[in-house]
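Residue-level listing of the chains:
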Amino acid sequence: MPKPDLPDLPDTCDLLVVGSGAAGMAAAISAHHHGLKPVIVEKSEFFGGSTAVSGGAIWVPCNPIAAAAGMTDDREAASAYIRGETGNRFNAELVDAFLDKGPEAIGFFHERTALKMAHRALSPDYHSDAPGATEGGRALDALDYDGRRLGADLYRMRPPIADFTILGGMPLGRPDIFHFLRMTRSVKSAAYAIGAVLRYFRDRLTWGRNTRLVMGAAVSGRLAETVFARNIPLFTGHELVRLLQDESGRVVGAELKGPRGVCRIAAHRGVVLAAGGYPHDAARRAQSFEHVRRGLPHYSMSPVSGTGGGIAAAEAVGAAFVDTNPNAGFWTPVSLLRNADGSVRPFPHLFLDRAKPGVIAVGHDGRRFVNEASSYHDFVQGLIAKLLADGEKSAWLVADHRAVRRYGLGAAHAFPARIGRHVASGYLKRDATLEGLARQCGIAAATFRQTVALFNEAAARGEDPAFGKGSTSYQRYLGDGENRPNPCLRPLEGPFYAVEIYPGDIGTSMGLDITAKGEVRDSRGRTIPGLYACGNDINSVMSGAYPGPGITLGPALTFGYVIGQSAAA
């Protein structure tokens, strides 16, 4: 099916939204609902932003979907949890707005749009032992979506990252992962997997790609259906050049660079910046990421279009950039896959391997340095501290054969996937002995052997006195429930594998200073009339902390919804 022909960009609109991820589409849908005529412009050739290739979790305390299922939550507990996570950087104004308006926003999107969601009854907050944390209910997922409902616009949506798929393009959602990992041990899971594969091949024959959208792609697809159903124009391939102001300083439009050159569009109610932050702005990243400034390598999983254009345009009209977060990004450890031309691409180690039994992380000195079952954000904080202390550029995830074939290790998928190509390429190191693996990886062999011996002795008892792997409900949730006595711990037995890991991110956390209404502030704390921002273009509501799954998409939907109200008012 060919891509649809689009009309020329109009000369005027009520509200111009820059960026087509969850935040941008939410703002446009909300604005339209409240009586405005918005237009969305997107720099990339694809819409969906980083949302479309994300895990898709949406974290909103006290949301009405969990409440309707009989789950209880407490606003004050949620506020206390966020306060504990953010410390002296707690932003009461934005956190209060998020907790007040988040449930309303979720109710709006779930009831009034195609974004249908379900709550996770069990999905512990990342620091599940902290005051105010819950075991479930705050995290939501979009229901799987039939991309065929988008028609030809499906081909304008950002496709899945190939390394995150199987069989050349089949993405796996949370239920898929559960069944595919158990397909050789369960008739029910085998039947589920076979059905999913057959549908995928049917889609490939008829549509040329997958049409069953899961996780973040389901969020994007469902929001996009509502955008198109409401006849909200969405133009891809249009990059923001600069914001336009009138004599009073009010933002009244923008200059864009599109397929037909530079053009201008007037926006009577203002401009919304939701362009995805600055994960690929090399200069700002080198300035704001301390470990990059100190010489460590860094790799981003965000789309390459996220070069900070929205933030830069806002600064050009006086907007304030908040640079005080202890973490400038939302971190994840990554390993590197080599492209045919010799370049590399990152693969994130989010939740599938690190917490599992039979897996540990070590530095080049052979010592463990972090709780492997901690969140990806926390893990990288430990990784960065280790690398800076040791003067190294990387560390290693080490697993035994049983773990690699049962759970996978990075881009090397679990059985029945073949891993020989990853060994041949050097992505995976493999050896029958710890000493042989240490030689291949440049790890201090004697210390490494002692580290594994001490770990194995305690792991056999289900204990980890060194780092407490498997000590919280969140960590055990990520482990293997069939492994006893601790879902995260088991002695390592040869042969052994290792994959080299580096610091990476799934987005930036620092950004523009905004009010509770989504209005952008200048360096003096005054609002810039007609300028709004949401998503990763704003400073994180969590001030650089990472309390739970979906703490970017939850605020993105909330403040997109709020901005639609604010601009209409």
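Cut-offs applied
Residues numbered from 1 in each chain as written. Predicted model: local features only at pLDDT ≥ 70, side-chain atom pairs only at ≥ 80, totals over all residues. Heavy atoms only, no water. Pairing = 2+ DSSP bridges. Helix = DSSP H or I, 4+ residues; strand = E, 2+ residues; numbered from the N terminus. 1 Å grid on protein atoms, 1.4 Å probe; cavity = no way out; pocket = protein on both sides within 12 Å on 5 of 7 lines; lining within 4 Å. Points joined across faces, edges and corners; volume = space filled by probe spheres on them. Core = buried A, V, L, I, M, F, W, Y, C linked by side-chain atoms within 4.5 Å. Buried < 20%, exposed > 50% of the residue type's maximum accessible area, 1.4 Å probe, protein only. Contact = heavy atoms within 4.5 Å. Axes fitted to C-alpha atoms, helices over the stretch in contact; angles between N-to-C directions. Parallel < 35°, antiparallel > 145°, perpendicular 65-115°, else oblique. Left-handed = near helix turned anticlockwise from the far one by under 90°. Nonpolar A, V, L, I, M, F, W, Y, C, P; charged D, E, K, R; others polar. Salt bridge = Lys/Arg side-chain N within 4 Å of Asp/Glu carboxyl O. Polar contact = N/O pair within 3.5 Å; in protein donor to acceptor, adjacent residues only side chain to side chain.

Overview of the pairing of strand S18 (residues 344-348)
Point 1. Alignment of strand S17 (residues 329-338) against S18, held across 5 bridges, turns out to be antiparallel. Residue pairing across strands places Val334 opposite Pro348, the latter belonging to S18.
Point 2. Between S17 and the antiparallel strand that follows it, S18, lie 5 residues; Gly342 among them carries a positive phi value of about 95 degrees.

A word on empty space enclosed by the protein
Point 1. A complete count under the given rule lists 2 cavities of 30 Å³ or more for this structure.
Point 2. In this structure, the largest cavity encloses a volume near 110 Å³.
Point 3. Gly535, Asn536, Ser540, Val541 and Pro555 are the residues nearest the centre of the largest cavity, which is lined by 14 residues in total.
Point 4. Considering only enclosed or pocket space, the second largest cavity measures out at about 80 Å³ in volume.

Here's the deal with the nonpolar core
Point 1. Ranked by internal contacts, the top residues of the largest apolar core, which has 135 residues, are Leu16, Phe109, Leu243, Leu273 and Leu531.
Point 2. The dominant element in this core, judged by the number of residues it contributes, is helix H4 (residues 92-112), at 9 residues.
Point 3. Aside from chain neighbours lying at most four places away, what touches Leu531 is Leu243, Val251, Val271, Leu273, Ala314, Val317, Gly518, Glu519 and Val520.
Point 4. With 17 residues, the next largest nonpolar core counts Val398, Leu434, Leu437 and Phe448 among its residues.

Digging into the packing of helix H14 (residues 434-441) against helix H15 (residues 445-459)
Point 1. Two numbers describe how H14 lies on H15: the axes approach to 9 Å, and their chain directions differ by 130 degrees. Viewed along their axes, H14 and H15 adopt a mutual orientation that is oblique. When the axes of H14 and H15 are compared, the crossing they make is right-handed. Side by side, H14 and H15 meet where Leu434, Glu435, Leu437 and Ala438 of the first sit next to Ala445, Phe448, Arg449 and Val452 of the second.
Point 2. Of the residues contributing to the contact of H14 with H15, the split by class is 6 nonpolar, no polar and 2 charged.

Brief notes about the pattern of salt bridges
Point 1. Under the criterion given, the structure shown has 37 salt bridges.
Point 2. Taking the shortest distance from any N to any O, the salt bridge between Glu435 and Arg449 comes out at 2.9 Å. You can see Glu435 sitting in helix H14 and its partner Arg449 sitting in helix H15, a full 14 residues away along the chain.

Quick word on the side chain of Ser540
Point 1. Counting through the fold element by element, Ser540 comes out in the loop between strand S24 (527-533) and helix H17 (553-568).
Point 2. A relative accessible area of 9% means that Ser540 is categorised as buried.
Point 3. Beyond its immediate chain neighbours, meaning those up to four positions away, Ser540 contacts Phe330 and Ser509.

Re the side chain of Asp353
Point 1. In this fold, Asp353 is placed in the loop between S18 and strand S19 (359-362).
Point 2. Here the side chain of Asp353 touches Gly410 through a polar contact of 2.9 Å, landing on its backbone nitrogen.
Point 3. What Asp353 contacts, discounting residues up to four positions off in sequence, is Val359, Leu397, Gly408, Leu409 and Gly410.

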